[in-house]
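# Overview (structure and organization)
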Amino acid sequence: MAKRILAGWVAVIGAIAAALLLVLPAAAEKAAPGKAPEITRGAVTGQTQAKGYDHPNQYMHVRPVAIAENMEPVIQHPEQDKSAKEKLAALEKRFGKKPNILIFITDDMGWLDPGFNGGGEAVGNPTPNLDRLAHGGLILTSAYSTPSCTPTRATIHTGQNPLHHGLLRPPMYGEPGGLDGAVTLPAILQKLGYVTQGVGKWHMGENEGSLPQNVGYDDFYGFLGVSDMYTEWRDIYFNPEVALSPSRFQMMEKLGFSHHNVHCIKGKKEVENVYEINLSTIGNLDQDWCGYSEKFIHKMAKSRKPWFLYHATRACHFDNYPNNEFAGKSPARTVYSDAMVETDAIFGRLVKALEETGQLDNTLIFFTSDNGPEGEVPPHGRSPFRGFKGSSWEGGVRVPTFVYWKGMIKPRRCDGLFDLADLFNTCISLAGSSGAGVTNFLPKNRYVDGIDQASFLVADNGQSNRRSRIYTLNQFFSAVRLDEFKGLMAVELEKAIFPRGFQAGFSGGVLTQTGGVLMVNLYTDPQEDVNSGIRHIPMMVPLGAEAARYQEVLKKYPPQVKVGFGSN
Ligand code: CA
């Protein structure tokens, strides 16, 4: 199916691309002296006097550089790399160790939910802590997750997109499949001398080989699944068919998935059940987890080792049950917005712990969400883009993201491409193994979709080292973005199945090949509802060439399926 989807696009456009790339230099030559000037730019009425502009982070005309056979090629910026390395070396000299890394990842938060992207007060959930740090750091307006929870979390942990790590969708209620067998980010950081701590939502497999302590974490405190698994069958409003049936309720109680908030320790294969998660305890989970991370930050202030903290919140995944402290605290007073306000407060507490312990200057803080807003269970998040969680329309995968590093990252906003897979390479780079160095930790047959973006983040006015963004959707290579242009090869057809109720996200479950040259311009048409491919064929050509390039990658490093769909 995937091959068929690509066939039309790639065969036609790929061939034209190769031909055009050969003739482009000749076409750019100037007219010979003595001849009447030709109108090279303008209209038939005359030549334009406008000089035009090039902009940073637009790389359609730039050939990327291959730095390793099993890695995505990169846009190289030697000066920016040098500048970043100098800044990092000076910091290491000052603190006597590599920098700490805090990844703070929320669940189902939309691009427009926090204030730093235009939401906040305007949508009834102010986020002052997030906004303060975001505006003091680098706001990434084109940061990309995958369409749903587990695939994104595994992408961060492996540096691979879902087609390569094989977790194509979330495993639910103890289904098999997870990170087992992967070489993970925390496992590599351990080798580089880091203390690794995971807190909060796991959802990357409950089987023994996939448990946090067996894939690189020294310690983990949180739950192994996803929020709704613990309570939706207990709630008489959401699932009375189960909650009010003693037999069905017992079936769920006995179902083989972890029902507890757990503690995992390196060296101990089993998990320790701390307490059951139910309608009494769910509302306090994020507070509990925040306390655990605060203690870790305080403890590590005295350590000579650098640390990696992966803090994954329960919020704002449905069902949100705010605790009494936050119920009604958002002006919107919805459970979703209350969870937004609580998440903001928790983020603020962790930043305060870093400040109080003198670690803020030596800690990179990366804030993001695991996918775009969920759309099927209101109240939910918001996005200015088309689509929801479960699709590879921009709304499903463009996520609110910023990186803050006191004294190291200058405040700015940038639309350079950033894939959350890049966190893998970037964190390993900060820990001492930059560029192609990451491959030293991996088998040769393991493809790395991430790119080292350390210099993008750290160098003053750094630019993205990523030329394109590859989109996946379930088992499909669905789209490719170059600059502001996105070529669509497989899409979710909304409103295709159900005539009533919610008609997109997972519910709009018809995926189809586009069958032709479809392209949207994300600047002029962020809603992705106008095909601009035919009018702008010169941009279709490099897009097609990029799709063809990645198709070759998939031939050499074939797609994997660890948690998949019935049809593949
Ligand atoms: Ca999610």
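The notes below deal with the structure included here. (Residues numbered from 1 in each chain as written. Predicted model: local features only at pLDDT ≥ 70, side-chain atom pairs only at ≥ 80, totals over all residues. Heavy atoms only, no water.)

### Looking at the coordination of the calcium ion
Distances from the calcium ion to its protein donors, Asp107 (OD), Asp108 (OD), Cys149 (SG), Asp370 (OD), Asp370 (OD) and Asn371 (OD1), fall at 2.2 to 2.6 Å. Around the calcium ion, the six donor atoms are arranged such that angles at the metal cover 53 to 158°; this shape is classified as irregular. The sequence pattern describing where the donors of the calcium ion fall on their chain is D-D-x40-C-x220-D-N. You can see Cys149 sitting in helix α4 (residues 149–158) and its partner Asn371 sitting in the loop between β11 (363–369) and α12 (394–397), a full 222 residues away along the chain. (Donors = N, O, S within 2.8 Å, 3.2 Å for Na, K, Ca; no water. Tetrahedral: all angles 85-135°; square planar, octahedral: opposite > 155°, others 65-115°. Helix = DSSP H or I, 4+ residues; strand = E, 2+ residues; numbered from the N terminus.)

### Some points on the packing of helix α3 (residues 128–135) against helix α11 (residues 335–356)
For the pair α3 and α11, interaxial distance at closest approach is 7 Å and the crossing angle is 55°. Accordingly, the angle class assigned to the pair α3 and α11 is oblique. Contacts between α3 and α11 pair Pro128, Asn129, Leu130, Arg132 and Leu133 from the former with Asp344, Ala345, Phe347, Gly348, Val351 and Glu355 from the latter. For the contact of α3 with α11, the per-class residue count stands at six nonpolar, two polar and three charged. (Axes fitted to C-alpha atoms, helices over the stretch in contact; angles between N-to-C directions. Parallel < 35°, antiparallel > 145°, perpendicular 65-115°, else oblique. Contact = heavy atoms within 4.5 Å. Nonpolar A, V, L, I, M, F, W, Y, C, P; charged D, E, K, R; others polar.)

### Observations regarding unusual backbone geometry
Omega for the peptide link from Ala315 to Cys316 comes to 5°, which places this bond in the cis form. Among the secondary structure elements, Cys316 is positioned in the loop between β10 (307–312) and α11. Cis geometry marks the peptide bond from Phe318 to Asp319, where omega comes out at -5°. Along the chain, the position of Asp319 falls in the loop between β10 and α11. Non-glycine residue Glu528 carries a positive phi angle of around 50°. Mapped onto the secondary structure, Glu528 falls in the loop between β18 (510–521) and α15 (537–556). Under the relative-accessibility criterion, Glu528 is labelled buried at 2%. (Buried < 20%, exposed > 50% of the residue type's maximum accessible area, 1.4 Å probe, protein only.)

### Structural notes on the environment of Leu285
Inspection of the secondary structure assignment puts Leu285 in helix α10 (residues 285–300). Look at Leu285 and you get buried, because its relative accessible area is 0%. Put simply, Leu285 and Arg314 are 29 residues apart on the chain and 7.2 Å apart in space, counted from C-alpha to C-alpha. If we ignore the near neighbours within four places in the chain, the residues touching Leu285 are Phe223, Asn261, Tyr275, Ile277 and Arg314.

Structural measurements only, silent on function.
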